[in-house]
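Coordinate analysis (summary)
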Amino acid sequence: MTISNVVKQDAPSARPASRKFSWAWLGVMPFFLFTFLFLLYPSSTIAIRSFQDSKTHAFTFQNILNLLHSPLLINAYSISIRISLVTSLGGGIFGFLLAYSAIRGGLPRFMRSSLMTFCGVASNFAGVPLAFAFIALLSPTGMLTNWLRALGYNPYFHGFTLYTFWGLSLVYLYFQFPLMVLIIAPAIDGLRREWLEASENLGASSFQYWRYVAFPILLPSILGSMVLLFGNSFGAYATAFALTGGQINLVTIVIGSQLRGDVLGDQGLGYALTLGMVVIMAVAIAGYTILQRRTERWLK
Amino acid sequence: MKRGGVIWSWIWTILGILYFFLPLLATFMFSLRAKLGVLSFKAYENVFIDPQFITSFSASFIWAIFTIIVGVLIFVPTAYWVRLRVPQFRAPVEFITLLPFVIPAIVYVFGLVRTYSQPPLLIVDSPALLVAGYAVLSMPYMYRAVDTGLRSIDVQTLTEAAQSLGASWGTVLFRIILPNIRIAILSGAFLSFAIVMGEYVLAQYLAKPAFAPYLSLLIQNKAYEPAALSVLSFALTWACLGIIQIVGRGQQGQFAGGH
């Protein structure tokens, strides 16, 4: 299909049909071959086998139905989604405040470039070392726990543990808010100073400027960035595994144990579980794309 | 900016700095406590003399080098060719390069293992599969870095000028295009390097020696050595991204000088 497209597009050109030119598509074939073998084909396997009976390979919806009727797996989705919502919201708000402070908050200029560098590093600092850093900080004998204890407040006596929902959320925030800073910075740069000046000249208060000018313009990019943050934490595996030793019921953790040995006792269910994750990610990215388009209307 | 605003800016920034540095400080302090009662670099010594550390670290290093080679060989010519000759492939190629963002690593490795662990496609034990997987994971970064580099030079004009002066395709690629996007390729390479050195999921489930799975194992068995390794790992990420920053700044200076 692609070949005939190329030929058709080239055909009406004013140049005499040159045979060499129509072979130009061959130049991108190594790329398509490589990504087909090592990305598209393995990923589509998941989608196909989700709808296959694991023994007879006949088409079936049974795997999807089994997934929807499994309290354990629904609970895993629920925890994964909740943790992603909490950390994308928290990381999004904090990251925005931080980025706005550094870019428009009246801080010295060098703060901005150092913040960007730090965020570039921190958003890449995930996985096993990150988990350990928080164990050193906030485990029952961690540095901050000891400091707080010395002040007479032991967080572990007040329901806090590092190894469950809120602890893991706190750890995820470490790579969430720097990512927010990195992706929201261009939008904040796009806020023109003239808009602030114009609204001040018209007698608007600071609150009115935010309520009627800046916030409506920034909202799509803030929401879009938060959607990316959601996907970022939804797919995280190594951090959670290293921190909890696989003891928390996240979708990624279940997929990992299904891969080590068929813990669900049903190959087809494993595929369906994995497919569900791709679907949620795809919806998130589609949402991001739509919001991004809205952003571009204002911020060029 | 009003005075109250600046105070709030400082508060948020200080909070951010604390969040950023406290875990690192805690890890570093912890890594110094390997000897009872005194602060020492004993944990670091233990790490460096552990043969498993050397094996896993050098393994990751080799994976990273091969990943960069594969990435450069596949993504640089593709990005160049798409800009020069087949712009109609731009949308599908860009869509594919962004897919690793949509498909989480654990899902990706799940598909990879299940696809390639049954006949006739039994290559799950081959190191080549791991390198190919790494190349896929670093593809969004590598491709986009190279594509950004190509955007800043006029590919069409440079190629035509070289060809009208009688240059062969080899000369065009290696003496015209590559030197002009050297910086972009380098930053893509360092990003890929940082990704592969810290990557856990792929190496773990394709059962290959690598740095991150080793660190994960160490956490379960030792106390101070993983702290030392986490500090080293952070320093490595920092170094890679720092180099990109320095190199990237050089590029801008170079362009300004050129004009």
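Each value, and the rule that gives it
- Residues numbered from 1 in each chain as written.
- Chains lettered and ligands numbered in written order.
- Predicted model: local features only at pLDDT ≥ 70, side-chain atom pairs only at ≥ 80, totals over all residues.
- Helix = DSSP H or I, 4+ residues; strand = E, 2+ residues; numbered from the N terminus.
- Contact = placed C-beta atoms within 7 Å.
- Rg over C-alpha atoms; globule rule 2.2 N^0.38 Å.
- Buried ≥ 20, exposed ≤ 12 C-beta atoms within 10 Å, placed from the backbone.
- pLDDT = per-residue confidence, 0-100.
- Nonpolar A, V, L, I, M, F, W, Y, C, P; charged D, E, K, R; others polar.
- Axes fitted to C-alpha atoms, helices over the stretch in contact; angles between N-to-C directions.
- Parallel < 35°, antiparallel > 145°, perpendicular 65-115°, else oblique.
- Left-handed = near helix turned anticlockwise from the far one by under 90°.
- Core = buried A, V, L, I, M, F, W, Y, C linked by C-beta atoms within 7 Å.

1. Examining the overall build of chain B
When you go through chain B residue by residue, the secondary structure sums to twelve helices and zero strands. For chain B, the sequential pattern of α-helices and β-strands runs α-α-α-α-α-α-α-α-α-α-α-α. Taking the principal axes of the C-alpha coordinates as reference, chain B spans close to 75 × 70 × 30 Å. In chain B, of all internal contacts separated by at least 6 residues, the share reaching a separation of at least 24 is 77%.

2. Some points on the overall build of chain A
When helices and strands are counted, chain A shows 13 helices and zero strands. Taken from the N to the C terminus, the helices and strands of chain A come in the order α-α-α-α-α-α-α-α-α-α-α-α-α. In summary, chain A has a C-alpha radius of gyration of 25 Å against a globular reference of 19 Å for 300 residues, an excess of more than 25%. If one aligns the C-alpha atoms of chain A with their principal axes, the spans along those axes are about 75 × 60 × 30 Å. Put simply, chain A has 300 residues, and 40% of those count as buried. When contacts within chain A are restricted to residue pairs at least 6 apart in sequence, those whose partners lie at least 24 apart make up 73%.

3. Here we look at the confidence of the model for chain A
Per-residue confidence for chain A averages 86 on the pLDDT scale, and 92% of its residues sit at or above 70. Here residues 1-14 of chain A is modelled with pLDDT under 50, and outside its nearest four sequence neighbours on either side it reaches ten contacts, counting other chains as well.

4. Details of the interface of chain B and chain A
If you look at the interface, chain B gives 61 residues, while chain A gives 58 residues. Considering each element in turn, the side of chain B that touches chain A owes the most residues, 15 residues, to helix 1 (residues 3-31) of chain B. Classifying every residue of the side of chain B that touches chain A by side-chain character gives 43 nonpolar, 16 polar and two charged.

5. Some details on unusual backbone geometry
The phi angle of most residues is negative, glycine excepted, and most peptide bonds adopt the trans form. The backbone of H57 of chain A shows a phi angle near 65 degrees, a positive value even though the residue is not glycine. Locating H57 of chain A in the fold gives a position in the loop between helix 2 (29-50) and helix 3 (62-68). When the 10 C-beta atoms within 10 Å are taken as the criterion, H57 of chain A is described as exposed. Even without glycine at this site, A207 of chain B takes up a positive phi of about 55 degrees. Inspection of the secondary structure assignment puts A207 of chain B in the loop between helix 10 (201-205) and helix 11 (211-221).

6. Observations concerning the environment of L229 of chain B
All names here are of chain B. Tracing the sequence through the fold places L229 in helix 12 (residues 224-258). Taking C-alpha positions, L229 is 9.4 Å from F53, a pair spaced 176 residues apart along the chain. In contact with L229, not counting residues within four places along its chain, are V47, L215 and L218.

7. Some words on the packing of helix 3 (residues 51-84) of chain B against helix 7 (residues 155-164) of chain B
Residues and elements named next belong to chain B. One way to put it is that helix 3 packs onto helix 7 with a least axis distance of 9 Å and a crossing angle of 90 degrees. In this view, helix 3 runs roughly perpendicular relative to helix 7, as classed from their interaxial angle. Between helix 3 and helix 7, the residues in contact are Y80, R83 and L84 and V155, Q156 and T159, respectively. Looking at the contact of helix 3 with helix 7 residue by residue, the classes come out as three nonpolar, two polar and one charged.

8. Examining the environment of M139 of chain B
As for its placement among the helices and strands, M139 of chain B is situated in helix 6 (residues 127-151). Beyond its immediate stretch of four places on either side in the chain, M139 of chain B contacts F75, T97 and P100 of chain B.

9. Quick notes on the packing of helix 6 (residues 128-138) of chain A against helix 8 (residues 165-190) of chain A
All names here are of chain A. Interhelical geometry of helix 6 versus helix 8 gives an angle of 125 degrees and a closest axis separation of 10 Å. The orientation of helix 6 with respect to helix 8, classified from their angle, is oblique. In this structure, the crossing between helix 6 and helix 8 has a hand that is right-handed. On the side of helix 6, the interface is formed by L130, A131 and F134, while helix 8 contributes V171, Y174 and F175. Class assignment of the residues belonging to the contact of helix 6 with helix 8 gives a composition of six nonpolar, no polar and no charged.

10. Overview of the nonpolar core
The biggest cluster of nonpolar side chains holds 159 residues, and the ones touching the most others in it are F134 of chain A together with V146 and L202 of chain B. Per-element tally for this core: the top contributor is helix 6 of chain B, with 15 residues. Not counting residues within four places of it along the chain, the set of residues in contact with L202 of chain B comprises A105, V109, L130, G133, Y134 and L137 of chain B.

11. Comments concerning the confidence of the model for chain B
All names here are of chain B. Of all residues in chain B, 94% attain a pLDDT of 70 or more, and the chain-wide mean is 87. This stretch, residues 250-259, has a pLDDT under 50; its non-local contacts, to residues over four places away or in other chains, come to one contact. Here the complex is predicted with pTM 0.85, and the ipTM for its interfaces comes to 0.87.

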